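A look at the structure
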Amino acid sequence: MKNLLALLFIAALAALLLYVVANMPPMGDPENPTATHVIPRYLEGAEEETHTVNVITGIILNYRGYDTMGEVTVIFTALAAALAVLGRERRGRIYAYVDRSGVPSSVIVRTMVRFLVPLIVLFSVYTILHGEISPGGGFQGGAIIGGSMIVFTTIFGLYESSRRIPQKVRFPLEGAAVMVFFLVGVLGMVGGGDFLTYAWPKAAAALHPALVTWLTVLVEIGIGLGGAMVLTSILFCMIREEEEIAVVA
Amino acid sequence: MGTALNLVFITLLVATAILAVFARDLLAAVIIFSVYSLIMALMWQRLQAPDLALTEAAVGAGVTTVLFVVTIFKTRRREEEEGE
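Residues numbered from 1 in each chain as written. Chains lettered and ligands numbered in written order. Predicted model: local features only at pLDDT ≥ 70, side-chain atom pairs only at ≥ 80, totals over all residues.

Considering the overall build of chain B
Each helix and strand counted, chain B has three helices and zero strands in total. Mapped from its N terminus to its C terminus, chain B presents α and β elements in the order α-α-α. When burial is assessed residue by residue, chain B has 29% of its 84 residues classed as buried. Pairs at least 24 residues apart make up 48% of the contacts formed inside chain B by residues separated by at least 6 positions. (Helix = DSSP H or I, 4+ residues; strand = E, 2+ residues; numbered from the N terminus. Buried ≥ 20, exposed ≤ 12 C-beta atoms within 10 Å, placed from the backbone. Contact = placed C-beta atoms within 7 Å.)

Some remarks on the overall build of chain A
Tallying secondary structure elements over chain A gives ten helices and two strands in all. Traced from its N-terminal end to its C-terminal end, chain A shows the element sequence α-α-α-α-α-β-α-α-α-α-α-β. A compact globule built from 249 residues would reach a C-alpha radius of gyration of about 18 Å, whereas chain A, at 24 Å, exceeds it by more than 25%. Once the C-alpha set of chain A is aligned to its principal axes, its extents read approximately 75 × 70 × 35 Å. Put simply, chain A has 249 residues, and 35% of those count as buried. (Rg over C-alpha atoms; globule rule 2.2 N^0.38 Å.)

Examining the confidence of the model for chain A
Mean pLDDT for chain A: 84, with 93% of residues reaching 70 or above. By mean pLDDT, strand β1 (residues 94-96) of chain A is the weakest element of chain A at 74, and helix α1 (residues 2-22) of chain A is the strongest at 93. (pLDDT = per-residue confidence, 0-100.)

Quick look at the interface of chain B and chain A
Taken together, the contact between chain B and chain A spans twelve residues of the former and 17 residues of the latter. Partitioning the side of chain B that touches chain A into residue classes produces nine nonpolar, two polar and one charged. (Nonpolar A, V, L, I, M, F, W, Y, C, P; charged D, E, K, R; others polar.)

Structural notes on unusual backbone geometry
All names here are of chain B. If you check the backbone angles, Q48 has positive phi at about 60 degrees while not being a glycine. Within the secondary structure layout, Q48 lies in the loop between α2 (26-46) and α3 (50-74). Looking at Q48, the number of C-beta atoms within 10 Å reads 10, which means it is exposed.

Description of the nonpolar core
Counting 59 residues, the largest nonpolar core has A143, F181, V219, L231 and L235 of chain A together with A58 and V63 of chain B as the members making the most contacts within it. With 15 residues, helix α10 (residues 208-239) of chain A is the largest single contributor of residues to this core. Among all residues touching V219 of chain A, those that are not within four sequence positions of it are L61, V180, F181 and V184 of chain A. (Core = buried A, V, L, I, M, F, W, Y, C linked by C-beta atoms within 7 Å.)

Notes on the packing of helix α6 (residues 107-129) of chain A against helix α7 (residues 138-164) of chain A
Residue and element names in this part refer to chain A. Relative to each other, α6 and α7 sit at 170 degrees, their axes nearing to 8 Å. Classified by the interaxial angle, the pair formed by α6 and α7 is roughly antiparallel. The segment α6 lies against α7, with V109, R110, V113, V117, I120, V121, F123, S124, V125, T127 and I128 engaging G138, Q140, G141, I144, I145, G147, S148, V151, F152 and I155. Classifying every residue of the contact of α6 with α7 by side-chain character gives 13 nonpolar, seven polar and one charged. (Axes fitted to C-alpha atoms, helices over the stretch in contact; angles between N-to-C directions. Parallel < 35°, antiparallel > 145°, perpendicular 65-115°, else oblique.)

Focus: the environment of G185 of chain A
Residues and elements named next belong to chain A. Within the secondary structure, G185 is located in helix α9 (residues 176-190). The spatial distance from the C-alpha of G185 to the C-alpha of P172 is 20 Å, given a sequence separation of 13 residues. In contact with G185, other than residues within four places in its own chain, are F195 and L196.

Looking at the confidence of the model for chain B
All names here are of chain B. Per-residue pLDDT for chain B has a mean of 86; in total, 89% of the residues score no lower than 70. For chain B, α3 is the element with the lowest average pLDDT, namely 88, and α2 is the one with the highest, namely 92. Predicted complex, confidence summary: ipTM 0.80, pTM 0.82.

Topic: the environment of L86 of chain A
Residue and element names in this part refer to chain A. Position of L86 relative to the elements: it lies in helix α5 (residues 65-86). Separated by 152 residues in the primary sequence, L86 and M238 place their C-alpha atoms 7.0 Å from one another. Aside from chain neighbours lying at most four places away, what touches L86 is C237 and M238.

What about the environment of L187 of chain A?
Structurally, L187 of chain A can be placed in helix α9. Residues L187 of chain A and A199 of chain A, twelve residues apart in the sequence, show an inter-C-alpha distance of 9.2 Å.

Concerning the packing of α7 of chain A against α3 of chain B
At a minimum axis separation of 9 Å, α7 of chain A and α3 of chain B run at an interaxial angle of 30 degrees. By the angle class used here, α7 of chain A and α3 of chain B are roughly parallel. Here α7 of chain A runs over α3 of chain B; the crossing is left-handed. Contact with α7 of chain A, carried on its side by F139, Q140, A143, I144, G146, G147 and I150 of chain A, involves D51, L54, T55, A58, V59, G62, V63 and V66 of chain B of α3 of chain B and no other residues of that element. (Left-handed = near helix turned anticlockwise from the far one by under 90°.)

Considering α9 of chain A
Residues and elements named next belong to chain A. The terminal C-alpha atoms of α9 lie 20 Å apart, and with 15 residues this matches the ideal 21 Å at 1.5 Å per residue to within 8%. The complete set of buried residues in α9 reads A176, A177, V180, F181, V184, G185 and G188. For α9, the buried positions fall inside an angular range of 155 degrees around the axis, keeping them on one side. Exposed residues on α9 whose side chains face more than 90 degrees from its buried face are V186, M189 and V190. G192 sits one or two positions beyond α9 and adopts a positive phi of about 105 degrees. (Expected span 1.5 Å × (residues − 1). Arc of directions from axis to C-beta.)

Quick look at the structure:
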């Protein structure tokens, strides 16, 4: 009886959803309401207004800067929550279960990881810095750095990787994304524009377009570094195991 | 050609989504879910959203999978059987 009711409810919900989807405007139709108001403005004005060649980056960091700033805050809050529950790893006494795994990583895997991790980091730097010209940007590059740290940690262990990126490096950089975003937003106000518009109307006219691009790149770098460090810190605090303090007789 | 490829992707997407829900082994479910993310990344690329494709591949298929696996290793791998 209960199952039947649930089934009926789900069927009704599915019918409703399918009905709504059937009435949605067809995908990719140039006559869609979404394609007739905001998008033409973005496509035509983005390069001139945001001074980024990649329209997506212009939308994400400039037109919808508030939205992205909220997302960055969400990521930072996730780290804060994970740290509040799990606690930070302490140096010297930490290990992860991968360190004590019964299957040690082979020489081939170690060599390949040692060879690949710098290349992955290089690619992520390219993704971050090239974000305003080509697809990619801070979030993506940061996630790729985080991925390379995960690969390194699973092969070489938590002790090694937390020695490579010690807490005193991660500590200030974890908040980098939020900090840089706010700072650049306020800088826009100082320059005579509005919050997060990147616009400096009072600056010299020749400097103005380049300045907007620089600020955008700065925000990208901040988001990239901050995101990478947040992901690394979340991973470390999740996989850490603490050595029992040996009682010295 | 394009439509056929889309159909294959969408079929795989629905199949992996259903499999990920029904898998009893949580590790298997996580791996299937990462396959779902990978197909989704390919779909984003086909929909001409390379930014999203990069994000989906790095975050969806990479980072979240590892975080899920870590969580599983820290807790219990198998789902509790009902009525036992």
